[in-house]
Amino acid sequence: MTSQSQSSDILREWRESAHAWTKHRATLRTMLGPLTPPLIEDTRIEMGHSVLDVAGGTGEPALTIAETVAPSGSVTCTDAIGEMVAAAESEARTRGLTNVTFRQCTAESLPFADNSFDRAVSRLGAMFFPDEAFGEMLRVTKSGGRVGFVVWDKSELNPYSYVVTDIVAQYGEVTPVDPNAPGAFRFAEPGKLAALLTEAGAIDPHERIFKFAIAAPISPVEFWDLRTGISDVLRAKLAKLSETDRLAIGEKVKDAVREYFPNNEMKFPAQMRIVTASKPV
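This is a predicted model, so every value here is computed, not measured.

Undergrad: How should the sheet that holds strand β6 (residues 203-216) be read in this particular structure?
TA: One key point about sheets: their strands pair by backbone hydrogen bonds, in either a parallel or an antiparallel sense. Reading across from one edge, β3-β2-β1-β4-β5-β7-β6 is the order of the 7 strands in this open sheet, with mixed pairing throughout. Each having just a single partner strand, β3 (100-104) and β6 make up the two edges of the open sheet. Taken over all neighbouring pairs, the strand axes of this sheet differ in orientation by 20 degrees on average, direction set aside. Relative to strand β2 (residues 74-79), strand β1 (residues 50-53) runs parallel, the two sharing 4 bridges. Bridge assignment links Ser50 to a residue of β2, and that residue is Ser74. Of the strands in this sheet, β1, β2, β3 and β4 (117-123) are in contact with helix α4 (residues 62-69), which crosses β2 at around 170 degrees.

Below, the structure written as structure tokens:
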């Protein structure tokens, strides 16, 4: 279970990282874009559908889904952080999308009527949701509709994560991680998210592994700037260290990741889980 204090802490952390997510949104769109087609496929999103994107951040996957459901379908993009919502709206205008609306709200308190959407999705947001959010997403999904999620698989399968965390761990106390607390790898265990969806009232859960490359035309130096910018957890750990140690970690990370930067461009092998389920008729 995610406590109220944990939820407040998560929102604070996202607010503090929002500027970096906005700054790096083009790079992040490139990095995480390959996750959207399989999410669309597994959630069975089609032209004409009304779709809710929960924790849509600076606009993805909502804006890509808007292109999929057009011209007769629509997407509602939500996020708990106002700066993220504003960035998503700006990007929609830039891309000329007119079938997307935006709302600032939390995943556990969706301001929509029951049975409002054909589909509801979240890409890399569910790991931070309070458990009540999954019931909320089902509530606003139409009977017979579907919900879909992308979550991280295990850290040790994702060098984008572990290369950094292993080096940072050399410079301080390692705090044991509560596997049920909000965090990137909360649903890395097979069947864990599917069981939570079933408990919330969903049926016919389906889960699969998706392997891809987290790739973008950035250098190791730019990678370190991005990682420290978008991760409040990483920044908090670094803040406890001396300036000398922080500089040393940065240099070690940039050196350690070079094997994942052929031609000085990022390409990490990555593995996610795509979990879907249906709302009973």
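Undergrad: What am I meant to see in the packing of aromatic side chains here?
TA: The geometry of two aromatic rings is summed up by the distance between their centres and the angle between their planes. Per the stated rule, a full pass over the model turns up 13 aromatic pairs. Judged by centre distance (5.7 Å) and plane angle (75 degrees), the rings of Tyr160 and Phe223 are edge-to-face. Taken together, the positions of Tyr160 in helix α7 (residues 159-168) and Phe223 in helix α9 (residues 220-230) put the pair 63 residues apart, joining distant regions of the chain. Side by side, Tyr160 and Phe223 carry an identical accessibility label, which is buried. Joined through ring pairs, the aromatic side chains of Trp152, Tyr160, Phe185, Phe223, Tyr260, Phe261 and Phe268 make up one cluster.

Undergrad: How should I be thinking about α4 in this particular structure?
TA: Since one α-helical turn is 3.6 residues long, residues separated by three or four positions face the same way. Considered for burial, the residues of α4 that qualify are Ala62, Leu63, Ile65, Ala66 and Val69. In an axial view of α4, the angular spread of the buried residues amounts to 155 degrees, which keeps them on one side of the axis. Where α4 is buried, its residues touch α3 (36-43), β1, β2, α5 (82-94), β3 and β4.

Undergrad: Looking at this model, I keep getting lost on unusual backbone geometry. Mind explaining?
TA: Note on backbone geometry: most residues besides glycine have negative phi, and most peptide bonds are trans. In this structure, Pro61 follows Glu60 across a cis peptide bond, with omega equal to 15 degrees. Inspection of the secondary structure assignment puts Pro61 in the loop between β1 and α4. Here the amide bond leading from Ala70 into Pro71 is cis, since omega sits at 5 degrees, within 30 degrees of zero. Mapped onto the elements, Pro71 comes out in the loop between α4 and β2. Look at Ala55: it is not a glycine, yet its phi comes out positive at around 60 degrees.

Definitions and cut-offs
Residues numbered from 1 in each chain as written. Predicted model: local features only at pLDDT ≥ 70, side-chain atom pairs only at ≥ 80, totals over all residues. Heavy atoms only, no water. Pairing = 2+ DSSP bridges. Helix = DSSP H or I, 4+ residues; strand = E, 2+ residues; numbered from the N terminus. Axes fitted to C-alpha atoms, helices over the stretch in contact; angles between N-to-C directions. Contact = heavy atoms within 4.5 Å. Phe/Tyr/Trp six-rings, centres within 6.5 Å; stacked < 30°, edge-to-face > 60°. Buried < 20%, exposed > 50% of the residue type's maximum accessible area, 1.4 Å probe, protein only. Arc of directions from axis to C-beta.

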